[in-house]
Amino acid sequence: MMAKTLRIILGDQLNSNHSWYKHTDNDVTYILLEVMQEQQYVMHHVQKILAFFAAMRNFAYQLTKKGHQVIYIKLDDADNAQNFEDNLQRIIKQEGIQKFEYQLPDEYRLDEQMKALCQKLDIETSYTDTEHFITQRYDVRDFFGDKKSFLMERFYRAMREKLHILMNGDEPLGDRWNFDADNRKKYDGKVALPDPIRFNHNVSELKVMIDRMGVQYFGEVDEQHMEWPLSRQEALQSLDFFCEHLLPHFGTYEDAMLQNHISLFHSRMSFAQNSKLVSPAEIVSTVLSHYEKHKDEITLAQVEGYIRQVIGWREFMRGVYWSQMPGYEEKNYLNHTTPIPHWYWDGKTQMNCLSKCIGQSLDHAWAHHIQRLMVIGNFSLLAGIHPDDVDAWYLGVYIDAIQWVEITNTRGMSQFADGGLIASKPYVASAAYINKMSDYCKHCKYDYKKRYGENACPFNSLYWNFFDRNAEKLQSNPRIGMAYVTLKKMKPDEKEKIMAQAETYLSDLNAL
Ligand SMILES: Cc1cc2nc3c(=O)[nH]c(=O)nc-3n(C[C@H](O)[C@H](O)[C@H](O)COP(=O)(O)OP(=O)(O)OC[C@H]3O[C@@H](n4cnc5c(N)ncnc54)[C@H](O)[C@@H]3O)c2cc1C
Ligand code: SF4
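Figured I'd write up the structure that's included with this text. (Residues numbered from 1 in each chain as written. Chains lettered and ligands numbered in written order. Predicted model: local features only at pLDDT ≥ 70, side-chain atom pairs only at ≥ 80, totals over all residues. Heavy atoms only, no water.)

1. A few points about the overall build of the protein chain
Here is the rule we go by: By definition, any uninterrupted DSSP run of H or I lasting at least four residues is a helix, any uninterrupted run of E lasting at least two residues is a strand, and each is numbered from the N terminus. The globule rule used here is 2.2 Å times the number of residues to the 0.38 power, and the radius of gyration it is set against is calculated over C-alpha atoms. Only heavy atoms enter the contact rule, under which two residues are in contact if any of them lie within 4.5 Å. The accessible surface values rely on the Shrake-Rupley method and a 1.4 Å probe; as for residues, cover is taken only from the protein chains in view. Under the counting rule used here, the positive set is Lys and Arg, the negative set is Asp and Glu, and His together with the chain ends is not counted. We put the charge of a Lys on NZ, of an Arg on CZ, of an Asp on CG and of a Glu on CD.
Per the secondary structure count, the protein chain includes 20 helices and 9 strands. For the protein chain, the C-alpha radius of gyration of 24 Å lies close to 24 Å, the compact-globule estimate for 512 residues. Viewed in the frame of its principal axes, the protein chain has a C-alpha envelope of about 80 × 55 × 50 Å. Taking the intrachain contacts of the protein chain between residues at least 6 apart in sequence as the baseline, contacts between residues at least 24 apart amount to 76%. On the protein chain, roughly 21,500 Å² of surface is accessible, and the fraction owed to carbon and sulfur atoms is 48%. With 58 positive and 69 negative side-chain charges, the protein chain shows a spacing of 5 Å between the two charge centroids.

2. What to know about the site of ligand 2
This is how it is decided: Being near a molecule or strand, for a residue, comes down to having at least one heavy atom within 4 Å of it. Residues are sorted three ways: Asp, Glu, Lys and Arg are charged, Ala, Val, Leu, Ile, Met, Phe, Trp, Tyr, Cys and Pro are nonpolar, and all the rest, Gly among them, are polar.
As a matter of local geometry, ligand 2 sits amid Met351, Cys353, Ala431, Ile434, Tyr440, Cys441, Cys444, Tyr446, Tyr448, Cys457 and Phe459. Taken together, the residues that form the shell around ligand 2 break down as 11 nonpolar, no polar and no charged.

3. Brief notes about the site of ligand 1
Quick reminder of the rule: Polar contacts, as used here, are pairs of N or O atoms within 3.5 Å; protein pairs need one atom able to donate a hydrogen and one able to accept it. Residues neighboring in sequence count only if both atoms are side-chain atoms.
With respect to spatial proximity, 27 residues lie near ligand 1, and among them His266, Ser267, Arg268, Gln273 and Asn274 are the closest. Within the contact set of ligand 1, an oxygen atom lies 2.6 Å away from a backbone nitrogen or oxygen of arginine 268. Here a nitrogen atom of ligand 1 sits 3.3 Å away from a polar atom, N or O, in the side chain of glutamine 309. Its free accessible area being 820 Å², ligand 1 has 99% of it covered by the protein chains. Elements that contribute at least two residues to the shell around ligand 1 include exactly helix H9 (270-274), helix H11 (300-324), helix H13 (369-382) and helix H15 (403-414). Residues that form the shell around ligand 1 fall into these classes: 11 nonpolar, 11 polar and 5 charged.

4. Considerations on the pairing of strand S6 (residues 124-128)
Formally: Here, a strand pair is defined by DSSP locating no fewer than two bridges between the strands. When the strands point away from the viewer, a crossover counts as right-handed if the route from the first strand across the helix to the second turns clockwise.
As judged from the 5 bridges shared by strand S5 (residues 99-103) and S6, these two strands associate in the parallel manner. By the bridge assignment for S6, glutamine 103 is matched with threonine 128. The β-α-β motif built from S5, the intervening helix H4 (residues 108-120) and the parallel element S6 has right-handed crossover chirality.

5. Some words on the packing of helix H17 (residues 458-469) against helix H19 (residues 481-489)
The test is simple: Axes here mean lines fitted to C-alpha atoms, for a helix over just the part in contact, with angles spanning 0 to 180 degrees between N-to-C directions. Reported orientations rely on four angle classes, namely roughly parallel under 35 degrees, roughly antiparallel over 145, roughly perpendicular from 65 to 115, and oblique for the rest.
It is at 10 Å that the axes of H17 and H19 come closest, and there the two elements cross at 100 degrees. Viewed along their axes, H17 and H19 adopt a mutual orientation that is roughly perpendicular. Counted together, Trp464, Phe467 and Asp468 of H17 and Ala483, Tyr484, Thr486 and Leu487 of H19 form the full contact between these two elements. When its residues are assigned to classes, the contact of H17 with H19 shows 5 nonpolar, 1 polar and 1 charged.

Structure, rendered in structure tokens:
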């Protein structure tokens, strides 16, 4: 007979294919907990809170339906101690539990908490893998060893070879590893933009509950029609929708931005993936088999572009996280200290690109990669915002933001706070790039062509100010040599005007 066992399922561990659930067992009880502890480590977007609670409740219901024993602690249960440890201690005592088991958390914070709890418990404890990722926690660390920079491209190619994905023997299919040169175009209206797939969840009762409990949050929600996939079935529907309607143009327009269409050809599956409703292996095999059947309408460039994100960037970022934590949270290579402007919280800035990207984030708890990287992240880096503030904002606002994937993208890729471990150069750009990839500048009070003077676009002067003020740390980087050549060649009075303009803007970011 098995010892009476309690197994905790964290909110981002909703993997119904986990081997835990292969058999039902009367001696095993699963527990899911809604706790204030998880609402308070950062202020979250309201849709993020509601989506996690709704998905957890549905997961618990599905497990019960399959005959598993489940304890579900709701946020407003009278005896909820509002943290994992006290609740678990109580249930263990109450139910006469002899063994406690958990799946390895993806966040360092929770990993430490589970370890500490197990040390305190006087019953048997054990942990197991989440069986979600393709790689193991420390694969990236072992792959790069003590290298100063971790090049995603190297890892990605090794993954393609190891998994034999899009390969022709030992060579990449199409004789190229990377189709970025064919991809990443501005949206030119040549193909119609599909409406994103939207689900229709009424989460009003949950909203009433979080309000009654005094949960602090920000952002908007249409609580009678929340649009995110919240179950495995909906995640699979999203995947099918993506393959059929979005994959054919994913790569071509992956970097394009539009003010009246929030997602273009992006899958918007990151919440479903990060809560583990669907696995990367399933996504990859579905996308590849769809491609096999539709080669007449989908090019290799589109598929490669997507596969790169899933087996490349996503697995890579997770591995970087585990190779760098806990120290990564403290990184601030460029010593940035400026507080985040208040308009990050309401989108009320006259810079149209930021107003649209932040506004969309507040309305939908989601923005696509280039909006996050080349508009909001770009501005944060140029303006020298403290990485702690930037992290807190990104970790709170996005529905898919869990620290392992948020901090590596934000502090690492976007803010260069790790000194170039992930990004071989800072992701900064002037207004020319934003104008090239979007229609934002056409509708802006600022002039994207001007570097100084009335209504000069702030991105331009801040761009040169960024390189100028960080010359000591950056000018030896061969990938950005050209910026320093241009800066050196600049006429002194021109440079003076640009720097003066930047100083004016930097002195009052809230006014922009
Ligand atoms: C500053 C910044 C912060 C970010 N924060 C997060 C975050 O908190 N959570 C998160 O999941 N992603 C984050 N990303 C990565 C990326 O922007 C999102 O994964 C993507 O926008 C999610 O939308 P989608 O599902 O439509 O993605 P698609 O464009 O359809 O891409 C497909 C999938 O690839 C994966 N992916 C793509 N790029 C990345 C990446 N750089 N890192 C990890 N996975 C990637 C995601 O799982 C995504 O669902 C961030 C990027 C930046 C620049
Ligand atoms: S002009 Fe400048 S601020 Fe305005 S949308 Fe373009 S890049 Fe953004």
